[in-house]
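# Notes for the structure review
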Amino acid sequence: MAIGGFLKHYIVTCIRVTQVGTLGFFILNLGCSKGFEGNKSSVIEIASTSQGDPKGPETPESVSIAFKQGLSLESAEVSEDVEIVSSNSSEIKDIQMSLNGNTDRKLTEAPFIYRVNLVKKESPIKVKALATFKNGKTAEAEITVNPQLAGSGGIDPSCMTNASYDACIFWKNPISHKKSVFKPAITYGQDVATVQSYGIKLKGLSSQSELKSINFTVSAKDGQKAVPDSAGTYKYKYAEDSGKSFVAQLMAYFWMTEEIEIIKKKSGRFYAEGKRVPVSSLDKSVKNNAYWDGQGIVLGEVTIPGKPSEVALGADVYIHELGHGNMQYAAGNTAYRSCGSAAGCIGAINEGQADFHVALVFSQNPVLGEHFFNSMEGMPGRNVLQNHNLTGTSAFSSGGGEVHNMGAVYASLLWEMYVHPAMSHLDFSKMFSLHLAMLTNSSTIANSKAVFESINIAQFDGKYKTVIDEVFKLKGY
Ligand SMILES: [Zn+2]
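Now for a look at the structure at hand. (Residues numbered from 1 in each chain as written. Predicted model: local features only at pLDDT ≥ 70, side-chain atom pairs only at ≥ 80, totals over all residues.)

As a further point, take the overall build of the chain. A tally of helices and strands in the chain yields 10 helices and 19 strands. Restricting the contact set of the chain to residue pairs at least 6 apart, pairs at least 24 apart contribute 67%. (Helix = DSSP H or I, 4+ residues; strand = E, 2+ residues; numbered from the N terminus. Contact = placed C-beta atoms within 7 Å.)

So, about helix H9 (residues 448–460). Here H9 contains 13 residues, and its C-alpha end-to-end distance of 17 Å stays within 8% of the 18 Å for a straight helix at 1.5 Å per residue. Considered for burial, the residues of H9 that qualify are Ser448, Val451, Phe452 and Ile455. Viewed along the axis of H9, the buried residues span an arc of 95 degrees, placing them on a single side of the element. Asp461 sits one or two positions beyond H9 and adopts a positive phi of about 55 degrees. (Expected span 1.5 Å × (residues − 1). Buried ≥ 20, exposed ≤ 12 C-beta atoms within 10 Å, placed from the backbone. Arc of directions from axis to C-beta.)

On to the nonpolar core, then. Note on soluble globular proteins: their nonpolar side chains tend to be buried together. Counting 102 residues, the largest nonpolar core has Ile169, Leu250, Met251, Ala252, Leu299 and Tyr318 as its most contacted members. Residues lining this core come from more than one domain, with at least three contributed by each of domain 2 (150–316) and domain 3 (334–477). With near-sequence residues (within four places) excluded, Ala252 lies in contact with Val218, Val279, Ser281, Leu299, Ala312 and Tyr318. Judged by nonpolar contacts, the second largest core, of six residues, contains Ile92, Ala129, Ala131 and Phe133. (Core = buried A, V, L, I, M, F, W, Y, C linked by C-beta atoms within 7 Å. Domains from an automatic or database assignment.)

In this section: helix H6 (residues 392–399). Looking at H6, one finds that the buried residues are Gly392, Ala395 and Phe396. The arc that holds every buried residue of H6, seen down its axis, measures 95 degrees, which confines them to one face. Facing away from the buried side of H6 by over 90 degrees, the exposed positions are Ser397 and Ser398. Tucked inside the fold, the buried residues of H6 contact helix H7 (403–419). Positive phi shows up at Gly400, right after H6, with a value of about 75 degrees.

So, on to the environment of Val127. Mapping Val127 onto the fold places it in strand S9 (residues 125–133). Assessed through the 26 C-beta atoms surrounding it within 10 Å, Val127 is described here as buried. For the pair formed by Val127 and Asp104, sequence separation is 23 residues and the distance between their alpha carbons is 9.5 Å.

Glancing now at unusual backbone geometry. Of note, the amide linkage connecting Lys183 to Pro184 takes the cis form, showing an omega dihedral of -5 degrees. Tracing the backbone through its elements, the reader meets Pro184 in the loop between helix H1 (174–178) and strand S13 (198–200). Backbone geometry places Lys179, a non-glycine residue, at a positive phi of 65 degrees. Locating Lys179 in the fold gives a position in the loop between H1 and S13. Unusually for a residue other than glycine, Asp461 sits at a positive phi of about 55 degrees. Position of Asp461 relative to the elements: it lies in the loop between H9 and helix H10 (465–474).

Moving on, we come to the sheet that holds strand S15 (residues 277–280). Pairing is mixed in the open sheet, where four strands are placed in the order S14-S15-S17-S16. Both edges of this open sheet fall to strand S14 (216–219) and strand S16 (290–292), since each of them pairs with a single strand only. The mean inter-strand angle of the sheet, taken between neighbouring strand axes irrespective of direction, is 10 degrees. Against the sheet, helix H2 (residues 246–267) engages S14, S15 and strand S17 (297–299), with an angle of about 165 degrees to S14. (Pairing = 2+ DSSP bridges. Axes fitted to C-alpha atoms, helices over the stretch in contact; angles between N-to-C directions.)

Alignment of S14 against S15, held across four bridges, turns out to be parallel. Among the inter-strand pairings, Val218 is bridged to a residue of S15, identified as Val279. Crossover connection from S14 via H2 to parallel S15: handedness left-handed. (Right-handed = clockwise from strand over helix to strand, strands pointing away.)

Another point: the packing of H7 against H10. For any two helices packed against each other, one specifies the crossing angle of their axes together with the interaxial distance. Running from N to C, H7 and H10 cross one another at 145 degrees; their axes reach a closest spacing of 10 Å. Of the two elements, H7 crosses H10, and the hand of that crossing is right-handed. On the side of H7, the interface is formed by Leu413, Glu416 and Met417, while H10 contributes Val467, Ile468, Val471 and Leu474. Within the contact of H7 with H10, the residues separate by chemical class into six nonpolar, no polar and one charged. (Left-handed = near helix turned anticlockwise from the far one by under 90°. Nonpolar A, V, L, I, M, F, W, Y, C, P; charged D, E, K, R; others polar.)

This part is about the sheet that holds strand S12 (residues 167–169). Hydrogen bonds between backbone groups are what pair the strands of a sheet, and the pairing can be parallel or antiparallel. Pairing is antiparallel across the open sheet formed by three strands, whose spatial order is S11-S13-S12. A single partner strand is all that each edge strand has here, and the edge strands are strand S11 (154–155) and S12. Where S11 and S13 come together, two bridges link them in antiparallel fashion. Directly across from Ile155, in S13, lies its bridge partner Tyr198. Sitting on the sheet, H2 is in contact with S12 and S13, with an inclination near 90 degrees to S12.

A few words on the pairing of strand S18 (residues 301–304). Here S18 runs beside strand S19 (residues 307–310); their pairing, made up of four bridges, is antiparallel. Residue pairing in the sheet places Glu301 in a bridge with Glu310 of S19. Connecting S18 to the antiparallel partner S19 that follows it, the hairpin turn spans two residues, and Gly306 within it adopts a positive phi of roughly 80 degrees.

Time to look at the environment of Ser363. With respect to the helices and strands, Ser363 occurs in the loop between helix H4 (346–361) and helix H5 (370–373). Overall, the presence of 27 C-beta atoms within 10 Å leaves Ser363 in the buried class. For the pair Ser363 and Ala150, spaced 213 residues apart in sequence, the C-alpha to C-alpha distance is 8.8 Å.

Attention shifts here to the packing of H9 against H10. Between H9 and H10, whose axes approach to 10 Å, the crossing angle comes to 170 degrees. With respect to H10, the element H9 is oriented roughly antiparallel. Two secondary-structure elements touch here, H9 through Lys449, Phe452, Glu453 and Asn456 and H10 through Lys465, Ile468 and Phe472. (Parallel < 35°, antiparallel > 145°, perpendicular 65-115°, else oblique.)

With that out of the way, let us pick up the environment of Met327. Tracing the chain through its elements places Met327 in helix H3 (residues 315–331). On a C-alpha basis, the gap between Met327 and Phe270 in space is 9.2 Å, while along the polypeptide they are 57 residues apart. With residues up to four places along the chain from it excluded, the contact list for Met327 reads Asn350, Gln353 and Leu436.

Here it is, written out as structure tokens:
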């Protein structure tokens with residue numbers, strides 16, 4: 001079974017340049033990137049003209065500071081690290097950062113690393129930097145960051161008539177897109193035109209005539225194989241999709257392609273890339289379920305009475321299923337059976353890490369199964385935002401060793417490390433991917449601590465020991 005999430009990413013949309021010292025003249029300039037494309041980091045530059053400055057030699061002629069990562073484009077959540085690299089940081093005494101007007105942190109040593117806390121609001125946020133130099137001068141700059149949806153598409157009510165898109169689908173799932181449930185639930189052929197407005201470009205197609213790439217071949221056992229329309233695009237309305245399930249196929253192709261791209265960008269690797277995974281977006285013999293079968297993905301039918309629909313309308317489901325594929329290509333075939341104790345087992349790790357794939361793609365609200373359950377809360381028991389206090393012991397005593405039940409503990413453990421204030425999201429993404437390749441049939445949730453510790457030492461100079469200790473303790477290990 002599978003499940004999913006919901007996240008906003010942020011892109012930088014504007015800059016403001018300000019400020020001067022009394023004698024010297026410093027400008028702190030936050031560079032700005034727009035749009036979905038590109039991969040340029042935001043740059044702060046501090047320039048000095050130091051006219052008439054009696055302290056002459058102490059004044060930097062020019063200092064540049066670059067946001068090494070974060071606050072930059074599509075996968076740049078505001079929650080990611082900002083490493084400020086200065087060509088002359090010895091002249092800077094400190095940099096004070098503020099978020100929406102509230103002083104957040106003072107950075108006193110080079111390299112100046114600023115980590116914005118997880119921001120869940122959808123309104124724009126303002127990040128401000130105030131630099132103080134050793135000669136007493138100051139410079140400040142402010143940058144406004146607007147929330148954007150995860151993924152390379154964009155919501156456009158005119159999607160169907162806008163030639164810049166190949167298809168119009170749902171952002172994550174119809175409920176996440178609409179931000180409310182459907183009453184009654186969606187069924188085949190329902191008119192949901194107002195919600196089907198996430199405009200996308202299809203990437204990686206091997207040919208223009210089918211949804212096939214080096215990663216996936218998408219079809220529908222109980223539908224028709226999706227083909228382009230007369231314009232060569234795939235603009236199909238869900239209201240006219242009954243019996244064809246083209247929209248579900250487009251959802252699966254697009255969101256799993258995004259999954260590989262987003263996770264690769266965050267962690268550096270995706271083990272199931274290029275594996276030509278066959279995906280059936282609708283198999284009505286599979287009720288209220290979906291699965292990875294060791295080679296491919298099969299998505300079933302949600303059977304709400306009188307309102308059946310494709311499981312595949314929820315991207316969270318196959319992002320989870322491809323997570324099983326990713327672990328298999330990392331760790332090989334592992335056992336899939338219930339856990340005998342609260343220590344957990346490899347089957348539970350497999351389920352929990354698959355859930356965490358959804359959190360990596362939609363990390364600001366990683367709810368799983370909203371469409372599946374026609375609920376904003378998603379699947380009961382699997383919401384990492386509600387499982388902070390869930391421990392291995394409490395899960396095992398209430399629900400036993402079933403893999404999804406114990407998997408919720410592992411998903412929570414991964415999530416808590418990811419969002420820990422002392423953890424870099426990108427570093428944890430790398431740690432997570434690396435750990436997949438080190439799992440074996442003997443792995444348990446309890447002994448996975450040693451796996452994270454070894455990666456921490458090998459890759460991060462041991463700086464995350466406290467995070468690992470705290471979170472494993474929180475989960476009762
Ligand atoms: Zn699963």
